[in-house]
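# Working through the structure, step by step
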Amino acid sequence: MIPDTLQGAVILSLIDFILSIVVISGIGVVLALFPLLNRLGKVDEEKLRNGGH
């Protein structure tokens, strides 16, 4: 339990800051994967246009 004092508020702020960095980094990883997924989609699309060959 975090105490309801100035020290508790600082601890809560640090926890919030760290979790924010984790969430933002996770979003960055997902956004970084989009070009890779786009390349895979293009390859599959070309295979479909060529009749699966």
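Everything below is about the structure shown above.
The structure reproduced in this document is the subject of the present report. Keep in mind that what you see is a predicted model, and the values were worked out from it rather than measured.

## Quick word on the overall build of the chain
- Check the secondary structure of the chain and you find 1 helix and 0 strands.
- Radius of gyration (C-alpha) of the chain: 22 Å, far over the 10 Å computed for a compact globule of 53 residues.
- For the chain, buried positions account for 2% of its 53 residues.
- Accessible surface computed for the chain: about 4900 Å², of which carbon and sulfur atoms make up 71%.
- Put simply, the chain has 4 plus and 5 minus side-chain charges, and the middle of one group is 18 Å from the middle of the other.

## Notes on the environment of Ile 11
- Here Ile 11 lies in helix H1 (residues 6-49).
- Counting along the chain gives 23 residues from Ile 11 to Phe 34, while the straight-line C-alpha distance between them is 35 Å.

## Regarding a nonpolar patch on the surface
- On the surface, a cluster of nonpolar side chains totalling about 930 Å² of accessible area is made up of Val 23, Ile 27, Val 29, Val 30, Leu 31, Leu 33, Phe 34, Leu 36, Leu 37 and Leu 40.
- Position of Leu 36 among the secondary structure elements: in helix H1.

Analysis parameters
Residues numbered from 1 in each chain as written. Predicted model: local features only at pLDDT ≥ 70, side-chain atom pairs only at ≥ 80, totals over all residues. Heavy atoms only, no water. Helix = DSSP H or I, 4+ residues; strand = E, 2+ residues; numbered from the N terminus. Rg over C-alpha atoms; globule rule 2.2 N^0.38 Å. Buried < 20%, exposed > 50% of the residue type's maximum accessible area, 1.4 Å probe, protein only. Areas by Shrake-Rupley, 256 points an atom, 1.4 Å probe, with all protein chains shown as cover. Lys, Arg positive; Asp, Glu negative; His and termini not counted. Charge placed at Lys NZ, Arg CZ, Asp CG, Glu CD. Patch = residues over 30% accessible without salt bridge, like charges linked within 9 Å, V, L, I, M, F, W, Y side chains within 5 Å. Salt bridge = Lys/Arg side-chain N within 4 Å of Asp/Glu carboxyl O.

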